[in-house]
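Spelled out from the first residue to the last, the chains are:
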Amino acid sequence: MSTHAAKVYKWTDRNGVTHYGDSAPDNASAAVKSGSVKVIPVAAEPGAVARLRLETNNGRYLAFADNNLAGPIEVLLQSRGGGVDSDPPLPARATVPARGSTLVAVLDGSRGGELLMDSLPGDPSAQPRDFEYLLPLQQRGFRIDQGFGGGFSHNDSQNRYAIDFAAEIGTPVLAAREGVVMQVENDFAKAGLNRERYGGRANFIRILHDDGTMALYAHLREEGVLVRVGQRVRAGQQIGLSGNTGFTTGPHLHFVIQVNRGMKLESLPFRMRGPAGPLRIAGGAGH
């Protein structure tokens, strides 16, 4: 799978030929406003973390994992129903560097089979360090609507130590710690309580820190991402705009520190400083 596009651009060149693309032609901002370039919205789908690529070599297949993110990932390659001979034997795991490719396994080309590859952000060998985070919102006051272990949606391993900050749509979102923008989603526009429909469709920014931990800023508004993948951001820098997208009951910012622990995302408890000093974070029902 490749990364998704939630807009298609249509334009006609000076020779009368109509073109379509997932990005506007060069210097087209004025043309978009004038109507000569039309923007056609399409249904957005979550972007793929990685791509499985097969190459043939002397009767064998080389199975590569191509990383789409600007940070390390872990992949798990396996066969449905078994029956695929490989070196190393399946299931096989590998860590793939940012924007890189890694050979996961060499497969026997004489036997057929169906391959499946799962992928997860983060390096499983990351060593988290203690750190005091900044508030991730620029607003006069703040309110925590759901804290650590909140019963509504903070009851699984990857969200157990998340915080939901109440925030009106369009509130500036700030980087709570310096790092590299690893992954973003920016094109979702809807919210609701149907987990199957909205659970994976929140706009977000994932920032990789120098110790391998990752901060997730989620439920941003449509086109609320103000940074690019691969960009290094400083603590306190504005990175986005809060919103109400994905599985949620109302506008807020979901903030969590995560680490990959062997094809499993786990959230970590953390310290955060507010305007009056260290925050005391408790659980809550919230969004």
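Look up a bit, the structure's there.
Residues numbered from 1 in each chain as written. Predicted model: local features only at pLDDT ≥ 70, side-chain atom pairs only at ≥ 80, totals over all residues. Heavy atoms only, no water.

**Observations regarding the overall build of the chain**
Put simply, the rule is: Helix and strand definitions follow DSSP, with helices as H or I runs of at least four residues and strands as E runs of at least two, each counted in order from the N terminus. For every residue, the accessible area (1.4 Å probe, protein chains only) is compared with the maximum for its type, and the residue is labelled buried under 20%, exposed over 50%, or partly exposed between those bounds. Here the open area of atoms and residues is found with the Shrake-Rupley method and a 1.4 Å probe, where only the protein chains shown may cover a residue.
Within the chain, the secondary structure is distributed over 2 helices and 25 strands. Burial status across the chain gives 45% buried among its 287 residues. Per element, the accessible surface of the chain, about 14,500 Å² overall, is 47% carbon and sulfur.

**Some details on the pattern of salt bridges**
The following threshold applies: Just to be clear on terms, a salt bridge is a Lys or Arg side-chain nitrogen sitting within 4 Å of an Asp or Glu carboxyl oxygen.
For the coordinates displayed, the defined rule picks out 11 salt bridges. Note that Asp66 is salt-bridged to Arg53, the shortest N-O span being 2.8 Å. Note that Asp66 is positioned in strand S5 (residues 60–67) and Arg53 in strand S4 (residues 50–57), a separation of 13 residues in sequence. Between Asp130 and Arg271 there is a salt bridge, with its nearest N and O atoms 2.9 Å apart.

**Some thoughts on the sheet that holds strand S8 (residues 92–96)**
Our working rule: Strands pair, by our definition, only if DSSP identifies at least two bridges between them. Fitted lines through C-alpha atoms give the axes, limited to the stretch in contact for helices. The angle between two N-to-C directions lies from 0 to 180 degrees.
Strand order in the open sheet made by the 3 strands is S8-S6-S10, with antiparallel pairing throughout. The open sheet has two free edges, formed respectively by S8 and strand S10 (114–121), since each of these has just one partner strand. The sheet shows a mean angle of 25° between the axes of neighbouring strands, direction not considered.

**Let's talk about the sheet that holds strand S11 (residues 132–134)**
The sheet built from 3 strands is open, its strands ordered S11-S24-S25 with mixed pairing. With partners counted over all chains shown, the strands left at the sheet margins are S11 and strand S25 (277–278), one partner each.

**Structural notes on the nonpolar core**
Heads up, the condition is: What we call a nonpolar core is a set of buried Ala, Val, Leu, Ile, Met, Phe, Trp, Tyr and Cys residues that are connected through their side-chain atoms within 4.5 Å. Contact criterion: two residues are considered in contact whenever any of their non-hydrogen atoms come within 4.5 Å of each other.
Residues Ile205, Ile207, Tyr217, Ile239, Phe255, Phe270 and Met272 are the most contacted members of the largest nonpolar core, which totals 26 residues. Looking at this core, the elements that each hand over two or more residues are strand S13 (163–166), strand S17 (203–208), strand S18 (214–225) and strand S22 (252–260). The element contributing the most residues to this core is S18, with 4 residues. Setting aside anything within four residues of it in sequence, one finds Ile205 in contact with Val181, Gln183, Val184, Ala215, Leu216, Tyr217, Leu220, Val225, Val227, Ile239 and Gly240.

**What about the packing of aromatic side chains?**
The test is simple: Only Phe, Tyr and Trp rings take part, Trp by its six-membered ring, and two of them pair if their centres are within 6.5 Å. Stacked means planes under 30 degrees apart, edge-to-face means over 60, and tilted covers everything else.
Under the defined criterion, the tally for this structure stands at 5 aromatic pairs. Ring plane angle 70° and centroid distance 6.2 Å describe the contact between Tyr133 and Phe255, whose orientation is recorded as edge-to-face. With Tyr133 in strand S11 and Phe255 in strand S22, this residue pair connects regions lying 122 residues apart in the sequence. Each member of the pair, Tyr133 as well as Phe255, is classed as buried.

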